[in-house]
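Coordinate analysis (summary)
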Amino acid sequence: LLDKIKDAKIIFVVGGPGSGKGTQCEKVVAKYGYTHLSSGDLLRAEVASGSERGKTLQAIMQKGELVPLDTVLDMIKDAMIAKVDVSKGFLIDGYPREVKQGEEFEKKIGAPCLLLYIDAKGETMVKRLMKRGETSGRSDDNEETIKKRLDLYYKATEPVIAFYSSRGIVRKIDSELPVDEVFGHVAKAIDGLK
Ligand SMILES: Nc1ncnc2c1ncn2[C@H]1C[C@H](O)[C@@H](COP(=O)(O)OP(=O)(O)O)O1
Ligand SMILES: [Mg+2]
């Protein structure tokens, strides 16, 4: 099974909280039939299950911190294995959050062919998250946690972009634009693959 994953296209979707990763991934799923795996959604599903592990995760996420590397990676790997027979490609949304996560992913699963860097200004992300918080029910969409998530993003995740830039696989996408225009640029990046 892992051999099959090595043949599939792996796309990392990286950007700050509220930059629009999930929004764009949904559109990629609709147009290209890729499998969308959001590390955050996988973790929130574990929390929703009410398991002991979920309770530990909830406490970490509520503080805006990163959950242990092995936990996230195992969840992503299991989800990829479950879909590998029907999937033309994988969108790995919200991972890697730090360079070490990227290195571990490559050791255990495979290398990405593209990194979509969904870029929005800090103030834009805060605005979108506060709005999303009105309906998302996400315990981390509140002002205090948003600030911590943004700080952590700049500190831990921006180095990820530099790391993959040196490999030439980063496409920076201006996510200040309206959703459909952003998607136009995302689609161009995906069409450019092979
Ligand atoms: N280009 C855009 N213009 C305006 N609003 C956008 C946008 N992209 C996303 N949004 C909105 C939708 C959500 O309510 C919020 C956060 O988007 P999201 O896709 O959930 O972000 P992420 O998954 O990166 O945290 O912002
Ligand atoms: Mg998201």
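As named in an unreviewed UniProt entry, the protein is Adenylate kinase isoenzyme 1, taken from Salmo trutta. UniProt's Subunit (unreviewed entry) comment on the protein is quoted here verbatim: "Monomer." On record in UniProt, under Subcellular location (unreviewed entry), the comment for the protein is "Cytoplasm".

Overview of the site of ligand 1
Looking at ligand 1, there are 15 residues lining it, with Gly18, Lys21, Thr23, Arg132 and Leu177 nearest. The separation between an oxygen atom of ligand 1 and a polar main-chain atom of Gly20 is 3.1 Å. A distance of 2.7 Å separates an oxygen atom of ligand 1 from a polar side-chain atom of Thr23. Going through the elements one at a time, α2 (21-32), α7 (122-136) and α9 (179-191) are the ones with two or more residues in the shell around ligand 1.

Topic: the pattern of salt bridges
Going through the model one piece at a time under the given rule, you end up with 16 salt bridges. Close ionic contact of Glu106 with Arg167 constitutes a salt bridge, the shortest N to O distance being 3.1 Å. Here Arg167 lies in the loop between α8 (143-165) and β5 (170-174) and Glu106 lies in helix α6 (residues 99-108), a separation of 61 residues in the sequence. The class of Arg167 is partly exposed, set by a relative accessible area of 41%. Two residues, Arg138 and Asp140, come together in a salt bridge whose shortest N-O distance is 3.0 Å. Sharing partners across several salt bridges, the network here consists of Arg132, Arg138, Asp140, Asp141 and Arg149.

About the cut-offs
- Residues numbered from 1 in each chain as written.
- Chains lettered and ligands numbered in written order.
- Predicted model: local features only at pLDDT ≥ 70, side-chain atom pairs only at ≥ 80, totals over all residues.
- Heavy atoms only, no water.
- UniProt positions renumbered as here; feature names shortened; annotations may be inferred.
- Near = heavy atom within 4 Å.
- Polar contact = N/O pair within 3.5 Å; in protein donor to acceptor, adjacent residues only side chain to side chain.
- Helix = DSSP H or I, 4+ residues; strand = E, 2+ residues; numbered from the N terminus.
- Salt bridge = Lys/Arg side-chain N within 4 Å of Asp/Glu carboxyl O.
- Buried < 20%, exposed > 50% of the residue type's maximum accessible area, 1.4 Å probe, protein only.

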